[in-house]
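# Inside the fold
What follows is the residue order along each chain.
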Amino acid sequence: MSTAIEAETAPDAGVRELSYAQALQEAMAIAMEADSRVFLMGEDIGVYGGAFQVTGDLVHRFGEDRVMDTPISELGGAGVAVGAAMAGMRPIYEFQFSDFATLAMEQIVNQAAKIRYMLGGSVSVPLVMRFPAGSGTGAAAQHSQSLEAWLAHVPGLKVVQPSTPHDAKGLLLAAIEDPDPVMIFEHKLLYKMKGPVPEGHYTVPIGKAEIRRPGRDVTIVANAIMVHRALEAAERLAARGIEAEVIDLRSLRPIDTATIIDSVKRTSRLICVYEGVKTLGIGAEISATIAESDAFDYLDCPIVRLGGAECPLPYNPELEKAAVPQTDTIFAAVSDMLANRI
Amino acid sequence: MSISGSPVQTVAPQFDNRPRIYGRLSKPQLHDALRKMILIRRFEESAEEAYMRGLIHGTMHLSIGQEASAVGSCLPLDDRDYITSTHRGHGHCIAKGAEVNRMFAEFFGKEDGYCKGRGGSMHIADPTRGNLGANGIVGGGIPIAVGAALAAKKQGRDSVVIAFFGDGANNEGAFHEGLNMASIWKLPVIFVCENNNYGMSTSTERSTAVRDVATRAAAYAMPGVVVDGNRLADVADASFEAVERARRGLGPTLIENKTYRIRGHSRSDRNRYRTKEEIASWQARDPILQLEAELTEFGLLTSDEANALRASVETEIAEAIEFAKTSPSPHVENLTRDVYSN
Ligand SMILES: Cc1ncc(C[n+]2csc(CCOP(=O)(O)OP(=O)(O)O)c2C)c(N)n1
Ligand SMILES: [Mg+2]
């Protein structure tokens, strides 16, 4: 287990600094080189390079047959990906914004997720869907949501959420190689973030959380951009003598309960930080995991959830900031929690 | 132009060589239409400038070059009528009577904005004047328009509804489902497709199986009309005819205004999918300059009158920006206000 985000990559491999978007693009290129079944579908992913420039110039390398611009038809496009996967291809379908998953829920939830089970295991649906998600860009209510918990609620889907360029590449490669439908949520504010990424092929296991920072006083479980805010808060807390352990969830389904339970047993305190709406979200699942486990007896104080506000995402930048946990919010919550520690 | 017969018709000039609109509207009404087009243009240019100076955040979609479609389509409407609009909706909004001061206030994220700073450019609405809202979801407004028409019919009102949408939207299920329902229930809806030849980077040639979106009307047994969307008179003639038909209870019409967006899709577009020459060829057909020339030719506008219109638009824009700047910002305590009615 590594202790810092940078230390995670093997020191020997050719490691460069890549942005999160470049890391995703590299994963797709590697998969397309290695496997002729892999192809990309999505809106404006060809010559435009994707709304967030993730596919970039892949169309020039692989041609329009393998980097397919679709019409604006999310339901149909998702269904075409399902059918192609059932018939032997390995499609990667890009949603221009994760919010548009709502238009394709039928194919994702009723078809992709259930086909294998419903048909008695006789066929699999090896597809990947990519979802640019999250707030912070001033794009307002219909372009800023964090719907990962929706899809994580559906057995048959796997849901991952990388927070670093390293994991973006490794989890996407793992997703492409997985025999079942994998949904990958990419936070829009992370696309330009740079970090070390090994050259060549590697995977990050689906279903494994990662401890980004060890600490004895409190466990902070976070996902996506919240991992970075939690790490910033942890730095500031350390200056006050509070050592927070930060767990990067990385996978929502399957969820790595063992790492969380083990951590809480050591720290006796738990805060869940996530951008999706607080109520009935990821935090509820993690809290219940602890309540149902032997870690419950170790708790020194009530669990705290910091999640998105109970409203659509507003346009005004001050309101938008207030609608999701920020570094200050996390810092204050941990400080409060530990204010009267014995 | 006749209503029945072949599904696609082209608006033909009257025998006196002037579009019908010149017999229908008075000189002040024509001046008002021209002024609205100029107001839309200057509103968007000023918003673009404010965005570049960092006064507005998020993104915006400009309809520069498409003003004739917005203004001409709305000419037959009054406050009893409705529209649903799109992400590229500033023109529709102004054409339906919105005040630019409250629109700017919305862009600036202020309480005096049409959405009290919660919605931004993509969600401006003015239900008091029948503007049921722009939309962040491509095709999202189409069935909503059908619903408003259903309500009007059920309540015995003679309101009509215009659903604006782009060429890209005609490949969403919402388009096809919406047109079919409007047709089977003979609802007073005018579907106005603003075909600017691209959905983001994807040309209609690459996205749409038919050359003219209007031919799709045949599948839903309603008239389909192809119009020069850069000529106000043609747009207005087609809209008047469809509105009258709808008011008489004869059901929906699909109008396709062929036009062009001069600016990029949004602030981040690098125009890789089209040529400078193509853009220039459409700039040469600027709808505002064309209308000015036409009015002048018909002896309906002097250069003094044109200058006076432009000057009054400048004053209105300057005052609106001032209004927006001084409008109060929302309070963070009100973050979750208006999620529910009570
Ligand atoms: C359901 C949905 N899919 C994709 C998008 C992203 N998007 C916004 S505008 C746009 C292009 C729309 O094209 P068109 O309907 O022709 O309208 P135009 O932008 O040309 O006015 C796309 C793909 C969206 N907002 N909603
Ligand atoms: Mg278009």
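The shown structure was predicted, so the numbers you read here are calculated from the model rather than taken from an experiment.

## Some thoughts on the nonpolar core
- Phe104(B) and Ile190(B) are the most contacted members of the largest nonpolar core, which totals 74 residues.
- Those residues within four positions of Phe104(B) in sequence are excluded, and the remaining contacts are Phe43(B), Ser46(B), Ala47(B), Ile317(B), Ala320(B), Ile321(B) and Ala324(B).
- Within the second largest apolar cluster, 67 residues are counted, among which are Tyr20(A), Val59(A), Val67(A) and Ile206(A).

## Some remarks on the site of ligand 1
- In the vicinity of ligand 1 lie 22 residues, with Glu74(A), His87(B), Arg88(B), Gly136(B) and Gly168(B) positioned nearest.
- Two or more chains meet at ligand 1, and those chains are chains A and B.
- One of the backbone N or O atoms of Gly136(B) is found 2.7 Å from a nitrogen atom in ligand 1.
- For the shell around ligand 1, the per-class residue count stands at eight nonpolar, nine polar and five charged.

## Structural notes on the layout of surface pockets
Residue and element names in this part refer to chain A.
- Approximately 680 Å³ is the volume found for the second largest pocket.
- Going through the elements one at a time, helix 6 (148-152), strand 12 (251-253), strand 13 (270-277) and helix 10 (282-291) are the ones with two or more residues in the lining of the second largest pocket.
- For the lining of the second largest pocket, the class distribution of residues is 19 nonpolar, seven polar and four charged.

## Concerning the packing of helix 2 (residues 27-52) of chain B against helix 12 (residues 303-326) of chain B
Residues and elements named next belong to chain B.
- Following both chains from N to C, one finds helix 2 and helix 12 inclined at 45 degrees, their axes separated by 9 Å at the closest point. Between helix 2 and helix 12, the crossing angle belongs to the class labelled oblique. The hand of the helix 2/helix 12 crossing is right-handed. Mapping the contact onto sequence places Lys27, His31, Leu34, Arg35, Ile38, Leu39, Arg42, Phe43 and Ser46 in helix 2 and Glu305, Leu309, Arg310, Ser312, Val313, Glu314, Glu316, Ile317 and Ile321 in helix 12.
- Class assignment for the residues of the contact of helix 2 with helix 12 results in eight nonpolar, three polar and seven charged.

## Quick word on helix 2 of chain B
- The end-to-end C-alpha distance of helix 2 of chain B, which contains 26 residues, comes to 37 Å, matching closely the 38 Å that a straight helix rising 1.5 Å per residue would cover.
- Where helix 2 of chain B terminates, the next one or two residues include Gly54(B), which has phi positive at roughly 80 degrees.

The rules behind the values
- Residues numbered from 1 in each chain as written.
- Chains lettered and ligands numbered in written order.
- Predicted model: local features only at pLDDT ≥ 70, side-chain atom pairs only at ≥ 80, totals over all residues.
- Heavy atoms only, no water.
- Core = buried A, V, L, I, M, F, W, Y, C linked by side-chain atoms within 4.5 Å.
- Buried < 20%, exposed > 50% of the residue type's maximum accessible area, 1.4 Å probe, protein only.
- Contact = heavy atoms within 4.5 Å.
- Near = heavy atom within 4 Å.
- Polar contact = N/O pair within 3.5 Å; in protein donor to acceptor, adjacent residues only side chain to side chain.
- Nonpolar A, V, L, I, M, F, W, Y, C, P; charged D, E, K, R; others polar.
- 1 Å grid on protein atoms, 1.4 Å probe; cavity = no way out; pocket = protein on both sides within 12 Å on 5 of 7 lines; lining within 4 Å.
- Points joined across faces, edges and corners; volume = space filled by probe spheres on them.
- Helix = DSSP H or I, 4+ residues; strand = E, 2+ residues; numbered from the N terminus.
- Axes fitted to C-alpha atoms, helices over the stretch in contact; angles between N-to-C directions.
- Parallel < 35°, antiparallel > 145°, perpendicular 65-115°, else oblique.
- Left-handed = near helix turned anticlockwise from the far one by under 90°.
- Expected span 1.5 Å × (residues − 1).

Distances and angles like these do not, on their own, reveal function.
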